[in-house]
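Examining the three-dimensional arrangement
Take a look at the letters that make up each chain.
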Amino acid sequence: MTIRERRVRTRPLPPLGGDAPGLLLAALGVAAALAVHQAVPAVPKLTAAVLLGIAAAHLPGVRPVVRGVARPGLSTAGKRLMRLGIVLLGLKLSLDDVLGLGWATVAMVLAVVAATFAGTWWLGRRLGLPGDQPLLVATGYSICGASAIGAVSQAAGSEEEDVAASVALVTLCGTLAIAVLPLLQHPLGLGEAEFGRWVGASVHDVGQVVATAQTGGAGALREAVLVKLMRVVLLAPLVAGVAMAVRRRRRGEHEVKTGKRPPIVPLFVAGFLAMIALRTTGLLPDRALTLAGDAQELLLAAALFGLGSAVHLPTMVRTGGRIALLGLGSWVMVAGVSYAGVLITT
């Protein structure tokens with residue numbers, strides 16, 4: 001072998017750039033989240049994905065990769081894959097199912113969402129939480145946890161650090177609900193259906209709702225999922241409202257930079273509504289809905305792993321008391337208002 005050939009063979013490969021390393025790491029995180037769910041079914045896949053992302057950001061051997069070469073791809077997962085997952089989330093909803101709840105339950109859900117959103121946002125502002133954290137935490141508690149935070153953050157153009165901190169808080173409290181709420185069913189005098197509606201109106205992510213409500217029986221699980229999906233329907237008008245507020249606030253800056261006005265309704269929200277309409281027609285076979293549901297969970301798991309990897313615990317510790325107080329206050333608020341709503345409407 002000549003010296004030239006030896007140099008060619010020993011020349012190091014060019015570094016892998018772009019989004020590929022981060023997307024690969026997100027895929028590994030999703031696989032690990034699925035394994036955790038298989039081993040401990042009480043832990044929802046999306047919850048596991050967030051927690052694994054946080055862990056990856058702080059493990060000594062993985063941390064340099066997460067903060068370095070993998071950061072672009074993880075950010076892409078947290079934004080673009082989140083949008084795709086939210087679009088597919090619309091296929092879980094049918095207007096017929098929502099209307100089947102009855103107007104009293106629909107009014108109860110609207111009241112719970114409005115009270116939780118307004119109260120949490122106000123409390124977060126009073127506590128002096130930075131950036132968009134009050135808005136994002138309010139969204140997560142009132143609508144559907146981390147998925148709603150991701151959707152609103154896209155419309156508001158929130159900083160990744162604010163999104164990550166809000167997702168971590170909402171995920172932690174939703175996970176605690178899985179253990180706490182079933183213990184309160186009988187002391188609060190809730191039957192199977194009433195417990196399901198309470199869980200659906202007060203717990204954050206869909207996976208956490210399922211994990212909590214199934215402890216009350218099949219009837220509780222059905223009621224919980226229907227009420228929860230009614231809350232998810234409200235994601236579209238909330239995101240549209242945030243987008244319009246941001247549009248008015250930033251119109252001049254956006255037009256200067258792009259020559260265009262920002263959209264009133266983000267494209268992924270329009271896709272979400274289109275999927276609801278498609279599901280309502282009944283044209284899609286069950287197999288297609290099952291595949292879409294699996295894809296939606298994988299996309300959201302990858303997105304939440306990416307968001308979790310942006311959590312910086314030392315930064316959260318500096319505002320730990322305030323953000324913990326906001327989480328506790330909002331948790332008590334949504335649980336109390338939804339409990340009252342269930343008692344009034346049943």
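Before any of the text, the structure's been laid out above.
Residues numbered from 1 in each chain as written. Predicted model: local features only at pLDDT ≥ 70, side-chain atom pairs only at ≥ 80, totals over all residues. Heavy atoms only, no water.

**Examining the packing of aromatic side chains**
All chains considered together, the criterion is met by 3 aromatic pairs. Ring centres 6.1 Å apart and planes at 65° place the aromatic pair tryptophan 198 and tyrosine 339 in the edge-to-face group. Residue tryptophan 198 is found in helix H11 (residues 192-202), and its partner tyrosine 339 is found in helix H18 (residues 320-345); the two are separated by 141 residues along the sequence. (Phe/Tyr/Trp six-rings, centres within 6.5 Å; stacked < 30°, edge-to-face > 60°. Helix = DSSP H or I, 4+ residues; strand = E, 2+ residues; numbered from the N terminus.)

**A short note on the side chain of threonine 76**
With respect to the secondary-structure elements, threonine 76 resides in helix H5 (residues 71-89). Of the residues examined, threonine 76 reaches a relative accessible area of 16% and is grouped as buried. Every residue in contact with threonine 76, bar those within four places of it in the chain, is listed here: Asp19 and Leu81. (Buried < 20%, exposed > 50% of the residue type's maximum accessible area, 1.4 Å probe, protein only. Contact = heavy atoms within 4.5 Å.)

**Notes on the side chain of serine 330**
Tracing the chain through its elements places serine 330 in helix H18. On the basis of relative accessible area, serine 330 is assigned to the buried category, the value being 0%. Those residues within four positions of serine 330 in sequence are excluded, and the remaining contacts are Thr116, Thr120 and Tyr141.

**Considering helix H7 (residues 103-126)**
With 24 residues, H7 should cover 34 Å at 1.5 Å per step; its first-to-last C-alpha distance of 34 Å lies within 8% of that length. Thr105, Val106, Met108, Val109, Val112, Val113, Thr116, Phe117, Gly119, Thr120, Leu123 and Gly124 are the residues of H7 that are buried. Taken from the residues just after H7, glycine 128 is the one with a positive phi, measuring 75°. (Expected span 1.5 Å × (residues − 1).)

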